[in-house]
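A look at the structure
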Amino acid sequence: DSGMMKLCRVGVTSLSAVTRRRLAAPAAKVVATKEDKSFIETDASKIATHVCINFYTQGEEPGPMIKVDDEYPSWLFDMDVNRTPILEDIDDESWKYWRSLRKRQIEQNRRIEKLKTRFLHLQNSPSMKK
């Protein structure tokens, strides 16, 4: 009998300990905040004379000085910075054409799937049946 009592007491003790652990309140989460070191330059003379590329303040210099156009290489002004040409204007023998075509197909498939999920409830409606 004393052996059974010991087993029962051990069982009850461990069960109540497990129960207490489950009912314990969760610990509060600590969220770290980052200090924002960036700033927006409001001095018009600095904006007009410097390339303001430094996002973080690193001393007094705001960035490299803007030079006269003659000091830059000629190819810089010949660069095409417009949007990519439309598919119909690209030569269909080039890899750019086939890459653009594939991107267009992928975008179209994504739009179709999005519409399918948006109007899923209408697919079995009586008004959709012909």
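Residues numbered from 1 in each chain as written. Predicted model: local features only at pLDDT ≥ 70, side-chain atom pairs only at ≥ 80, totals over all residues. Heavy atoms only, no water.

Formally: UniProt positions are given in the numbering used here, feature names are shortened, and annotations may be inferred rather than shown by experiment.
The protein chain has the name Large ribosomal subunit protein mL54 in an unreviewed UniProt entry, where Pristionchus entomophagus is given as its organism. Under the Subcellular location (unreviewed entry) heading, UniProt states for the protein chain: "Mitochondrion".

A closer look at the overall build of the protein chain
What counts is decided by this rule: Going along the chain from the N terminus, every DSSP run of H or I of four or more residues is numbered as a helix, and every run of E of two or more is numbered as a strand. Remark: exposure states derive from per-residue accessible area (1.4 Å probe, protein chains only) relative to the maximum for the residue type, with buried under 20%, exposed over 50%, and partly exposed in between. The contact definition used throughout considers only heavy atoms, calling two residues in contact when any of these lie within 4.5 Å. For the area figures, the Shrake-Rupley method with a 1.4 Å probe applies, and any residue is considered shielded solely by the protein chains shown.
When helices and strands are counted, the protein chain shows four helices and zero strands. Walking the protein chain from its N terminus toward its C terminus, one meets helices and strands in the order α-α-α-α. Among the 130 residues that make up the protein chain, the fraction classed as buried is 5%. When contacts within the protein chain are restricted to residue pairs at least 6 apart in sequence, long-range pairs at least 24 apart make up 0% of them. When the accessible surface of the protein chain is summed, it comes to about 13100 Å², and 58% of that surface belongs to carbon and sulfur atoms.

Describing the packing of aromatic side chains
Threshold: Two aromatic rings from Phe, Tyr or Trp, using only the six-membered ring of Trp, form a pair when their centres are within 6.5 Å; if the ring planes differ by under 30 degrees the pair is stacked, by over 60 it is edge-to-face, and anything between is tilted.
Taken as a whole and judged by the stated rule, the model has one aromatic pair. Relative to W98, the ring of Y97 has its centre 5.0 Å away and its plane inclined at 85°; by these criteria the two rings are edge-to-face. On the basis of relative accessibility, which here comes to 18%, the residue Y97 falls in the buried class.

Let's talk about the pattern of salt bridges
This is how it is decided: One side-chain nitrogen of Lys or Arg within 4 Å of one carboxyl oxygen of Asp or Glu is enough to make a salt bridge.
Using the criterion set out here, one finds two salt bridges in the structure. A salt bridge links E88 to R104; the shortest N-O distance between them is 3.6 Å. Of this pair, E88 sits in the loop between α3 (75-78) and α4 (95-118) while R104 sits in helix α4, placing them 16 residues apart in sequence. E88 gets classed as exposed once you look at its relative accessible area, which sits at 56%.

A look at a nonpolar patch on the surface
Worth spelling out the cut-off: Residues enter patches when they are more than 30% accessible in relative terms and free of salt bridges; like-charged ones are connected within 9 Å and nonpolar ones (Val, Leu, Ile, Met, Phe, Trp, Tyr) within 5 Å.
Taken together, the side chains of W75, L76, F77, M79 and V81 make up a nonpolar region of the molecular surface, amounting to roughly 560 Å² of accessible area. The residue W75 is located in helix α3 in this model.

What to know about the side chain of H50
Checked against the element boundaries, H50 lands in the loop between α2 (44-49) and α3. When its relative accessible area of 13% is taken as the criterion, H50 is described as buried.

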